[in-house]
Structures are given as C-alpha cells and as structure tokens.
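# Fold and geometry: a report
Listed here are the chains, written in short residue letters.
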Amino acid sequence: MTADSTYHLKVFQTADELCKAAAEFFIDISRKSIAARGRFVVSLSGGTTPQGLYSLLSESPFREQVEWEKTVVFWGDERCVSLNDTQNNAHQAKITLLDKIDIPKANIYAIPVNLSPEEAAINYEKEVNCFFGKETPRFDLMLLGLGENGHTASLFPGTNVIYEQTVGIRAVYVEEEKMFRITMTAPLINQSGAILFLVNGENKAVILKEVLTAAYRPDKIPAHLIQPVNGELYWFVDRASASLITIKN
Ligand SMILES: O=C(O)[C@H](O)[C@@H](O)[C@H](O)[C@H](O)COP(=O)(O)O
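- An unreviewed UniProt entry lists the chain under the name 6-phosphogluconolactonase, from Solitalea koreensis.
- Its UniProt record gives the chain the following Function (unreviewed entry) comment, quoted word for word: "Hydrolysis of 6-phosphogluconolactone to 6-phosphogluconate."
- Under the UniProt heading Catalytic activity (unreviewed entry), the note attached to the chain is "6-phospho-D-glucono-1,5-lactone + H2O = 6-phospho-D-gluconate + H(+)".

Written out as structure tokens, the structure is:
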C-alpha cells in the first residue's frame, strides 16, 4: 500500500474469535453513531466471511445490544441474480440476520435485481443519494471482504470500475464469473466513517500479505483503492490468513 496509508490490524486465533470481535465492533460503532446522529447506517458485504458475524448479531447477547429500529442497512455490492438466489447478498443477510431481528422493512435498502444492471445501479445510487439528502453519502460502518484475486466489493481486477473517480454506484460485468454485479465505487466506500475488512482462512494468506505489504497497484489489487478520506480503516483477520505477515507488537 502507499507509504501514507494507515490502518488498524487485529489478528484473531480463530474465525469464531474474529466474528465475536466484529460483532462487538459493530455494536460499538452503532452506539456511537446513534449517540451522535440518532441513527446507525451500515453497508453490509456479501461472501461467506461475514455470515458468522450476521448469525452472532441475530442472537443473544449481541442482538439486544443494537437499536435495530435506528439501524439502516445498505449493501456495498450485489450479484445480478434473483432475490431468492442463494448467491444474492441481501438474501443471505436476510436469512442469517434480518429475518431474525426487529428491524423495520423501510430501513433495509437492498440493491434492486429486477432491473437491467445499468438501471439497477442508477436506481440504487438515487436511493443512496436520496437517503443522505444534501450530505455526501457517508456510511457509519462499511463491511468489506477480500477475494483471493484482490477484489473487494465488486471492484475486480481488469474492470473499468476500479478507475472510477466519482462517488456512486456502477454496474460491472465480471468476466471470471460470467455475471453482472452492482458495486459502490471506491470513492463512495472511502467516504465511510469506519471501514472493516473481515478476512478468514489460509486461502487468503497470499493476497492478504500482498494487499498489506506490496506497492500500490490498484489495477492488480483493487483492495488498495480502499483508503478512507476522513475515517478509519480496520482489518480483522484470523491467524491462518495472517500466516505470511510479520506482525509488529
Ligand atoms: O458479494 C461478495 O461476494 C463480496 O462483496 C465480495 O467482495 C466478498 O467480500 C469477497 O469475495 C470475499 O468473499 P468471502 O468472504 O466469501 O471470501
């Protein structure tokens, strides 16, 4: 990453410990956001890693520590598959978390999948802008994952969206998945107050080392694009994914 990039790295022994710490972090940011602005606006990620976090948040003693009626949920990216498809990020979060808590339906902003990818992106960008009104969209918490090829959200190597300079939402065709996906742009993600990457498993060891130690190459490693402009960047990783990194104490 660039010399001036700063982040907080926390390594946990197990995936369970990582999820528990992420749940506590989620609760902490939600409390601070509600105390400051009366609401907590979070952007969820898809993939397998956050599912353990979502399950924990749906259960005692975590569930009752979040004021769900003051919590508003968006997604950083989505696959253009039907709403009931198991690959749909909103569907996954619905099953593991949203159906199990008392959150008003009006607080849930899923990325539309019943439109063309371009229309869905335009429509979601309007929804985000409308929600934040005159303010620049700023999520209190942005959850992200890391793909083995360095992608995050749906910012994949080799796609044009990684060069996008504007705060917004875009449709992107992901060749390796033969699928359109909708994604927040890096400038939008970077407006967040706190950005939390969750990384788990030995299959992520090589890319995690590259993201954190290689020179800035966002075309090869799109996760390098994630550098909050006025917020904090956190990496919560398990020991297996951190096995190639030298941790300074
Ligand atoms: O919808 C998605 O899949 C994500 O937004 C994507 O960016 C994900 O976070 C990474 O691919 C890591 O996924 P895993 O957690 O499954 O490793």
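## What about the overall build of the chain?
- Regarding its fold elements, the chain presents six helices and nine strands.
- For 249 residues, the compact-globule estimate of 2.2 N^0.38 gives 18 Å, and the C-alpha radius of gyration of the chain, at 17 Å, lies within 12% of that figure.
- For the chain, the spread of C-alpha atoms along the three principal axes comes to 45 × 40 × 35 Å.
- Contacts in the chain between residues far apart in sequence, at least 24 positions, make up 75% of those at least 6 positions apart.

## Description of the nonpolar core
- Formed by 68 residues in total, the largest nonpolar core has its most connected members in Ala22, Ile195, Leu196 and Leu198.
- With six residues, the single largest contributor to this core is strand β8 (residues 194–199).
- Here Leu196 is in contact with Ala22, Phe25, Leu141, Leu143, Leu144, Tyr234 and Phe236, once residues within four sequence places are set aside.

## So, the packing of helix α1 (residues 15–37) against helix α2 (residues 49–57)
- α2 packs onto α1 with a crossing angle of 60 degrees between their chain directions and a minimal axis gap of 9 Å. Taken together, the axes of α1 and α2 lie oblique to each other. Here the hand of the crossing between α1 and α2 comes out right-handed. Within the contact between the two elements, α1 uses Ala15, Cys19, Lys20, Ala22, Ala23 and Phe26 and α2 uses Gly52, Leu53, Leu56 and Leu57.
- The residue inventory of the contact of α1 with α2, partitioned by class, reads eight nonpolar, one polar and one charged.

## As for the site of the ligand
- Neighbouring residues of the ligand: 13 residues in total, closest Gly46, Gly47, Thr48, Thr49 and Gly145.
- Residues belonging to the shell around the ligand are distributed by class as follows: two nonpolar, 10 polar and one charged.

## Digging into the UniProt feature "domain: Glucosamine/galactosamine-6-phosphate isomerase" (unreviewed entry) in the chain
- UniProt tags residues 14–235 as "domain: Glucosamine/galactosamine-6-phosphate isomerase" (unreviewed entry).
- Overall, residues 14–235 shows 31% helix and 18% strand. The separation of its end C-alpha atoms is 15 Å.

## Quick look at the sheet that holds strand β2 (residues 40–44)
- An order of β1-β9-β8-β5-β2-β3 is seen for the six strands of this open sheet, with the pairing classed as parallel. For this open sheet the edge positions go to β1 (8–12) and β3 (71–75), each flanked by a neighbour on one side alone. Strand-to-strand twist across the sheet, computed as the mean angle between neighbouring axes with direction ignored, equals 20 degrees.
- Pairing analysis gives five bridges linking β2 to β3, with the strands arranged parallel.

## A short note on the sheet that holds strand β7 (residues 179–184)
- The strand order across the open sheet formed by three strands is β4-β7-β6, and the pairing between neighbours is antiparallel. Taken across any chain shown, the strands that pair with only one partner, and hence form the sheet edges, are β4 (77–79) and β6 (169–174). Within this sheet the neighbouring strands show an average axis-to-axis angle of 20 degrees, counted without direction.
- Note that β6 and β7 share six bridges and pair antiparallel. Bridge pairing in β7 places Arg170 opposite Thr183.
- Docked against the sheet, helix α4 (residues 117–132) engages β6 and β7, running at close to 150 degrees with respect to β6.

## Describing the packing of α2 against helix α3 (residues 89–96)
- The contact between α2 and α3 brings their axes to 8 Å, and the two run at 35 degrees. Contact residues: α2 offers Gln51, Tyr54 and Ser55, while α3 offers Gln92, Ala93 and Thr96.
- Class assignment of the residues belonging to the contact of α2 with α3 gives a composition of two nonpolar, four polar and no charged.

## Thoughts on the environment of Tyr7
- Looking at the secondary structure, you find Tyr7 in the segment before β1.
- A C-alpha to C-alpha distance of 22 Å links Tyr7 and Gly46, two positions 39 residues apart in sequence.
- Apart from the residues within four sequence positions on either side, Tyr7 is in contact with Leu233, Tyr234 and Trp235.

Rules used in this analysis
- Residues numbered from 1 in each chain as written.
- Predicted model: local features only at pLDDT ≥ 70, side-chain atom pairs only at ≥ 80, totals over all residues.
- UniProt positions renumbered as here; feature names shortened; annotations may be inferred.
- Helix = DSSP H or I, 4+ residues; strand = E, 2+ residues; numbered from the N terminus.
- Rg over C-alpha atoms; globule rule 2.2 N^0.38 Å.
- Contact = placed C-beta atoms within 7 Å.
- Core = buried A, V, L, I, M, F, W, Y, C linked by C-beta atoms within 7 Å.
- Buried ≥ 20, exposed ≤ 12 C-beta atoms within 10 Å, placed from the backbone.
- Axes fitted to C-alpha atoms, helices over the stretch in contact; angles between N-to-C directions.
- Parallel < 35°, antiparallel > 145°, perpendicular 65-115°, else oblique.
- Left-handed = near helix turned anticlockwise from the far one by under 90°.
- Nonpolar A, V, L, I, M, F, W, Y, C, P; charged D, E, K, R; others polar.
- Near = placed C-beta within 6 Å.
- Pairing = 2+ DSSP bridges.

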